[in-house]
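Summary of structural features
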Amino acid sequence: MADAASRTPHGWRPQRFMVIAAHPDDADFGPAATAARWIDEGSEGHLVCCTSGDAGADDWRADPLELATRREAEQEAAARVVGYSGVTFLHQPDGALVNDLVLREHLVREIRTFRPDAVLAVDPETLFYGDGGVNHTDHRASGLAAVDAVYPAARNALSFPWLARDGLEPWIVRRLYLFWSNHPSAWVDVSGTLDRKLAALREHASQNRHPERLEGRIRDWEREEGEAIGAPAGEAFRVIVIEEDAQEDEGPTHDTPPQTEGGDPD
Ligand SMILES: [Zn+2]
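Presented here is a report on the structure given in the accompanying data block. (Residues numbered from 1 in each chain as written. Predicted model: local features only at pLDDT ≥ 70, side-chain atom pairs only at ≥ 80, totals over all residues. Heavy atoms only, no water.)

Here we look at the nonpolar core
Applied cut-off: What we call a nonpolar core is a set of buried Ala, Val, Leu, Ile, Met, Phe, Trp, Tyr and Cys residues that are connected through their side-chain atoms within 4.5 Å. The classification of residues rests on relative accessible area computed with a 1.4 Å probe and restricted to protein chains. Under 20% of the type maximum is buried, over 50% is exposed, and intermediate values are partly exposed. Counting from the N terminus, the helices are the DSSP runs of H or I reaching at least four residues and the strands are the DSSP runs of E reaching at least two. For this analysis, residues touch if any pair of their heavy atoms sits within 4.5 Å.
Counting 38 residues, the largest nonpolar core has Phe17, Val19, Val82, Tyr84, Leu120 and Tyr177 as its most contacted members. The element best represented in this core is helix α2 (residues 32-40), accounting for six residues. Excluding its chain neighbours within four sequence positions, the residues that come into contact with Leu120 are Phe17, Met18, Val19, Ile20, Pro31, Trp38, Tyr177, Phe179 and Phe237. Counting residues in each nonpolar core, the second largest holds 28 residues, with Val48, Cys50, Ala141 and Leu168 among its members.

In structure tokens:
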């Protein structure tokens, strides 16, 4: 955690952004308040859930298909609270998500269809949350799949060439915003939309075993993340700039290091 108020709030805003999540509720525990803020300011957001959360129950007698149907409905309700323009479910198996070519093709199809400037996903390098927990295997797989779909597959004309033949032209995503990261580099002030995040989380009733504790937990979490920028509430991201902005549309902050990777897509 940075020293209190030692940083400038992150000010760049994508016109179009896509959140790629493993399970219904991940996007709402993750960057929901940032998504709500950007949408309020004029951005358009689309949510992709790789699984439908069909393993998210404590009772082994639960019917996975019924649970998936319920959780999709919960996520769609939460997405309306946040303001996403759409939600796609890829129906991959909960607990068995793999960053393979099948998942990558699904994600490239979504990216080339929606054409986001930024993709938000779990930081795939987060195996442990500090020393306080394990990051679910699906979270890591979804994060790595999102990164691999953004670069190079979505922008590479010869990746999944049948997509281009179907009219889905290669698309360059300019930035990755990685959440649940142990290496945050940008903090968004979400004081104005924290309540929307809480309202979205309340829609996931099948997962809220202790709803009375949830609000306090989230408020504490966002207060801690806001401390870096001296805001009452914040959301932290590790921002990867893949494509620099043209001078005229650069946002008010320049808080990411210069990129070091080569420009070759292979
Ligand atoms: Zn999850």
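Now that the structure has been shown, the text picks up again.
Focus: the side chain of Asn135
Note the threshold: We define a polar contact as two N or O atoms separated by no more than 3.5 Å, with the added condition that, inside protein, one atom must be a possible hydrogen donor and the other a possible acceptor, whereas residues neighbouring each other in sequence contribute only through side-chain atom pairs.
Considering the arrangement of structural elements, one finds Asn135 in the loop between β4 (118-122) and α5 (137-150). Engagement of the side chain of Asn135 in a polar contact is seen with the backbone oxygen of Thr126, the distance being 2.8 Å. Apart from residues no more than four positions distant in its own chain, Asn135 is found in contact with Val122, Asp123, Thr126, Leu127, Phe128, Tyr129, Arg140 and Trp180.

Some details on the coordination of the zinc ion
Ideal values for angles at a metal depend on the geometry: 109.5 degrees with four tetrahedral donors, 90 or 180 degrees with six octahedral donors. Filter applied, for reference: Any nitrogen, oxygen or sulfur atom within 2.8 Å of a metal ion counts as a donor, with the limit raised to 3.2 Å for Na, K and Ca, and since water is left out, coordination shells can look unfinished.
Protein coordination at the zinc ion comes from His23 (ND1), Asp26 (OD) and His139 (NE2), with a distance range of 2.1 Å. We note that the donor set of the zinc ion lies within a single chain, spaced as H-x2-D-x112-H. Of the two residues, His23 sits in the loop between β1 (16-21) and α1 (26-29) while His139 sits in helix α5, which places them 116 residues apart along the sequence.

Thoughts on the packing of aromatic side chains
To keep it simple, the criterion reads: Side-chain rings of Phe, Tyr and Trp (the six-membered ring for Trp) are treated as a pair once their centres are within 6.5 Å; stacked means planes under 30 degrees apart, edge-to-face means over 60, and tilted covers the remaining angles. For a Lys NZ or an Arg CZ to count as sitting over a ring, it must be within 6 Å of the ring centre and within 35 degrees of the ring normal.
Applying the stated criterion to the full structure yields seven aromatic pairs. Taking 5.3 Å as the distance between ring centres and 80 degrees as the angle between the ring planes, the aromatic pair formed by Trp38 and Tyr177 counts as edge-to-face. Of the two residues, Trp38 sits in helix α2 while Tyr177 sits in strand β5 (residues 175-179), which places them 139 residues apart along the sequence. Considered together, Trp38 and Tyr177 belong to a single accessibility category, that of buried residues. Taken together, the ring pairs connect Trp12, Phe17, Trp38, Tyr84, Tyr177 and Phe237 into an aromatic cluster. Taking the ring centre of Phe114 as reference, the NZ or CZ of Arg16 above it sits at 4.1 Å. The ring of Trp12 has Arg175 lying over it, and the distance from NZ or CZ to the ring centre is 4.0 Å.

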